[in-house]
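Each chain is listed here by its residues.
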Amino acid sequence: MASPAANTFTLSNSEPTEFILPDLVSDIHYPLRLNPRYYPISRASEQWLLTGAHLTELEIITFMGLQAGELAAACFPDADAFHLRVCSDFLNWLFNMDDWMDEFDVDGTWGMRECCISAFRDPINSETEKLTAKMCKSYFSRFRQTSGPGCTGRFIHTMDLFFIAVAKQADDRANERVPDLKSYITVRRDTSCCKPCFVLIEYAAGIDLPDEIMSHPVMIAVEDAANDIIAWSNDIFSYNVEQSRRDTHNLITVLMREQSLDLQGALDYSGWLCKSAVQCFEHNRAILPSWGKELDRQVAIYVQGMQDWIIGTLHWSFDSTRYFRKDGHAVKRDRIIRLLPKRTL
């Protein structure tokens, strides 16, 4: 695909009042599948979070619009009830923890990392009074009942990468730094938390892929492409909310700064990057080597799971109120967004 670099956009002298989203729904047309078991499991998982997190009344209203259980249904369409519930609990916990950490400084993020990683390493015997770590112990003790050793180790390792990257994000935010594009892509692959979510694909399917497969360069390329699609589309959808609170950890902001693009130019470029990442995903998927009949079957399940994540997050972003409040269906149809005012400092 040709680069859009020839179409150079410059920063506008006037602030825009609205922008148009890239047409990712047309560009990414994998079939959307939903787990038929999801409704009662989603409601039970919501109650689990509400019981454990002690949210305020306003936070409860926001949380009920999240619909993380519906996201789990789209991303794990073949999971049985037990595994789907663990995945739903993890996603409910993850989104709420992500919101909490948006307000944390570097030290607060490191403190969260320490208590959560301790809970993952020993969910039965670790002791904590922190609510988020207690919830870690709850879902991860159930995760470990059926997970393989490779799967368990990868989950803990990739969650650690997530916390380290979020601490870097907090440091950039405190110092008002906007990273260059290459650095941003690297750290975004960890702040997206896609890597632990991809481990859950193995967990939900009851497989435990060997390290020789997971460390293969082509498999890493498949994972990175899927991660980029999910992370960059999320940056596009969350940009309006994030710019209003002056958060610079977003692909749109990085492109505006580095490429001297105006807002619409950066959004269009981001859409092109997402489309290119889909092509990269498909190209590397097609050249994965063979590891024998049984392992190839498991690899196919894992790669299909990443495809489910790509399309599941895309459609869920419009169904949830997290990014577009109650206007998601209209935004999905028209793609027009009114720019929110920035918070006063």
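Structure's up top.
Residues numbered from 1 in each chain as written. Predicted model: local features only at pLDDT ≥ 70, side-chain atom pairs only at ≥ 80, totals over all residues. Heavy atoms only, no water.

**Some words on the pattern of salt bridges**
Tallied over the full model, the rule gives 26 salt bridges. Residue Asp208 pairs with Arg154 through a salt bridge whose shortest N-O separation is 3.4 Å. One end of the pair, Asp208, is in the loop between helix H10 (194-205) and helix H11 (211-214); the other, Arg154, is in helix H8 (residues 149-174), and 54 residues separate them in sequence. With a relative accessible area of 14%, Arg154 lands in the buried category. Across the pair Asp172 and Lys168 runs a salt bridge, and its minimum N-O distance is 2.9 Å. On the criterion of helical spacing, the pair formed by Asp172 and Lys168 is a turn pair, its members being four residues apart in helix H8. Relative accessible area serves as the criterion here: at 41%, Lys168 is assigned to the partly exposed category. Taken together, the shared-partner salt bridges connect Arg154, Glu202, Asp208 and Asp211 into one network. (Salt bridge = Lys/Arg side-chain N within 4 Å of Asp/Glu carboxyl O. Helix = DSSP H or I, 4+ residues; strand = E, 2+ residues; numbered from the N terminus. Buried < 20%, exposed > 50% of the residue type's maximum accessible area, 1.4 Å probe, protein only.)

**Quick notes on the environment of Leu181**
Along the chain, Leu181 falls in helix H9 (residues 181-191). The exposure class of Leu181 is buried, given its relative accessible area of 15%. The spatial distance from the C-alpha of Leu181 to the C-alpha of Thr253 is 9.9 Å, given a sequence separation of 72 residues. Residue contacts for Leu181: discarding those within four places in its chain leaves Leu251, Val254, Leu255 and Glu258. (Contact = heavy atoms within 4.5 Å.)

**Thoughts on the packing of helix H2 (residues 38-53) against helix H7 (residues 131-143)**
Between H2 and H7, whose axes approach to 9 Å, the crossing angle comes to 145°. Along its contact with H2, which presents Trp48, Leu49, Gly52 and Ala53, the element H7 presents Leu131, Met135, Ser138, Tyr139 and Arg142. Of the residues that constitute the contact of H2 with H7, the class distribution is six nonpolar, two polar and one charged. (Axes fitted to C-alpha atoms, helices over the stretch in contact; angles between N-to-C directions. Nonpolar A, V, L, I, M, F, W, Y, C, P; charged D, E, K, R; others polar.)

**Examining H9**
Three or more residues of H9 are buried, namely Leu181, Tyr184, Ile185, Val187, Arg188, Asp190 and Thr191. On the buried face of H9, the contacting elements are H8, H10, helix H12 (217-244) and helix H13 (251-259). Of the residues flanking the start of H9, the one acting as N-cap is Asp180, its side-chain oxygen 3.2 Å from the backbone nitrogen of Lys182. Just past H9, the residue Cys193 takes up positive phi, approximately 60°. (Polar contact = N/O pair within 3.5 Å; in protein donor to acceptor, adjacent residues only side chain to side chain.)

**Regarding the packing of helix H6 (residues 106-121) against H8**
Between H6 and H8, the shortest axis-to-axis distance is 9 Å and the interhelical angle comes to 175°. In terms of axis orientation, H6 runs roughly antiparallel to H8. When H6 is examined against H8, the residues Val106, Thr109, Trp110, Met112, Arg113, Cys116, Ile117, Phe120 and Arg121 are found in contact with a partner set consisting of Phe155, Ile156, Met159, Asp160, Phe163, Ile164, Val166, Ala167, Ala170 and Asp171. Across the contact of H6 with H8, the residue classes tally to 14 nonpolar, one polar and four charged. (Parallel < 35°, antiparallel > 145°, perpendicular 65-115°, else oblique.)

**Details of the nonpolar core**
Among the nonpolar cores identified, the biggest contains 109 residues, and Phe76, Phe90, Trp93 and Phe120 are the most heavily contacted of them. Those residues in contact with Phe120, other than ones at most four positions away along the chain, are Trp93, Cys136, Tyr139, Phe140, Arg144, Phe155, Ile156 and Met159. (Core = buried A, V, L, I, M, F, W, Y, C linked by side-chain atoms within 4.5 Å.)

**Considerations on unusual backbone geometry**
Here the phi dihedral of Arg246 falls at roughly 65°; this positive angle occurs in a residue that is not glycine. You can see Arg246 is positioned in the loop between H12 and H13. Arg246 sits in the partly exposed class, given a relative accessible area of 38%. Unusually for a residue other than glycine, Arg325 sits at a positive phi of about 55°. Among the secondary structure elements, Arg325 is positioned in the loop between helix H15 (293-319) and helix H16 (328-334).

**Digging into H8**
Between its first and last C-alpha, H8 extends 38 Å over 26 residues, near the 38 Å set by a 1.5 Å rise per residue. Glu176 sits one or two residues past H8 and shows a positive phi near 55°. (Expected span 1.5 Å × (residues − 1).)

**Concerning the packing of aromatic side chains**
Tallying each qualifying case throughout the model produces 25 aromatic pairs. With a centroid separation of 6.1 Å and 75° between ring planes, the pair formed by Phe19 and Tyr239 is classed as edge-to-face. In this pair, Phe19 sits in strand E1 (residues 18-20) while Tyr239 sits in helix H12, placing the two residues 220 residues apart along the sequence. Among the residues examined, Tyr239 registers a relative accessible area of 7% and is labelled buried. Look at Phe76 and Trp309: their rings are 5.8 Å apart centre to centre, the planes differ by 85°, and that puts the pair in the edge-to-face class. Placement of the pair is Phe76 in the loop between helix H4 (68-75) and helix H5 (81-101) and Trp309 in helix H15, with a sequence separation of 233 residues. Summarising the burial analysis for this pair, Phe76 and Trp309 share the class buried. Here the aromatic residues Trp48, Phe90, Trp93, Phe120, Tyr139, Phe140, Phe143, Phe155 and Tyr203 are joined through ring pairs into a cluster of three or more. (Phe/Tyr/Trp six-rings, centres within 6.5 Å; stacked < 30°, edge-to-face > 60°.)

Shape is all these values report; function is a separate question.
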